[in-house]
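Next come the chains, spelled out residue by residue.
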Amino acid sequence: MRFMMFVMGDETPDAEPDETDVDVWVDELDGAGQRLMGDILDPGTARGVRVRAGETIVTEGPLVGVTDAIWGFDLLEARDLDEATALAARHPMARNGRLELRPFPEG
């Protein structure tokens with residue numbers, strides 16, 4: 001199964017931050033074929049788009065009211081959600097920020 005993992009900031013990181021270079025996690029999962037792709041998504045380049053009453057409303061930067069901006073993503077391959085959760089728990093941002101997993105359709 002495939003899972004999209006969103007990497008986000010968090011106002012209350014763990015008291016003991018994880019200083020591990022994220023490239024260690026990336027290299028390990030890439031080598032095992034469990035990380036199919038991923039990259040950084042700079043919140044400063046975000047643009048929100050909504051249409052209300054026929055008017056297009058554009059917001060520069062992360063959407064107003066969103067406190068946990070998405071900083072990046074990884075597409076993971078795992079047997080099930082439990083295995084994907086275990087992979088995510090090893091990512092440095094599991095302690096320094098927040099990760100969200102969602103099943104990702106294949107094909």
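Residues numbered from 1 in each chain as written. Predicted model: local features only at pLDDT ≥ 70, side-chain atom pairs only at ≥ 80, totals over all residues. Heavy atoms only, no water.

### A few points about the nonpolar core
Soluble, globular proteins show a tendency: their nonpolar side chains are buried together.
Right, so step 1: In terms of nonpolar packing, the biggest core is built from 13 residues, with Met-5, Val-7, Trp-25, Leu-29, Leu-76, Ala-78 and Leu-99 touching the most fellow members.
Right, so step 2: Of all the secondary-structure elements, those providing two or more residues to this core are strand 1 (2-8), helix 1 (22-31) and helix 2 (81-89).
Right, so step 3: Beyond its immediate chain neighbours, meaning those up to four positions away, Met-5 contacts Trp-25, Gly-72, Phe-73, Asp-74, Leu-76, Ala-88, His-91, Leu-99, Glu-100 and Leu-101. (Core = buried A, V, L, I, M, F, W, Y, C linked by side-chain atoms within 4.5 Å. Buried < 20%, exposed > 50% of the residue type's maximum accessible area, 1.4 Å probe, protein only. Helix = DSSP H or I, 4+ residues; strand = E, 2+ residues; numbered from the N terminus. Contact = heavy atoms within 4.5 Å.)

### Re the side chain of Asp-18
Right, so step 1: Topologically, Asp-18 is positioned in the loop between strand 1 and helix 1.
Right, so step 2: Buried and unpaired, Asp-18 has Arg-95 as its nearest opposite-charge partner, separated by 5.7 Å.
Right, so step 3: Beyond its immediate chain neighbours, meaning those up to four positions away, Asp-18 contacts Pro-92, Arg-95 and Asn-96. (Lys, Arg positive; Asp, Glu negative; His and termini not counted. Salt bridge = Lys/Arg side-chain N within 4 Å of Asp/Glu carboxyl O.)

### Focus: the pairing of strand 1
Right, so step 1: With five of seven residues buried, strand 1 lies mostly within the body of the structure.
Right, so step 2: Relative to strand 5 (residues 70-77), strand 1 is paired through seven bridges, and the arrangement is antiparallel. Within the sheet, the bridge partner assigned to Arg-2 lies in strand 5 and is Glu-77.
Right, so step 3: Note: strand 1 against strand 6 (residues 98-104), seven bridges, orientation antiparallel. Within strand 6, the position partnered with Met-5 by the bridge is Leu-101. (Pairing = 2+ DSSP bridges.)

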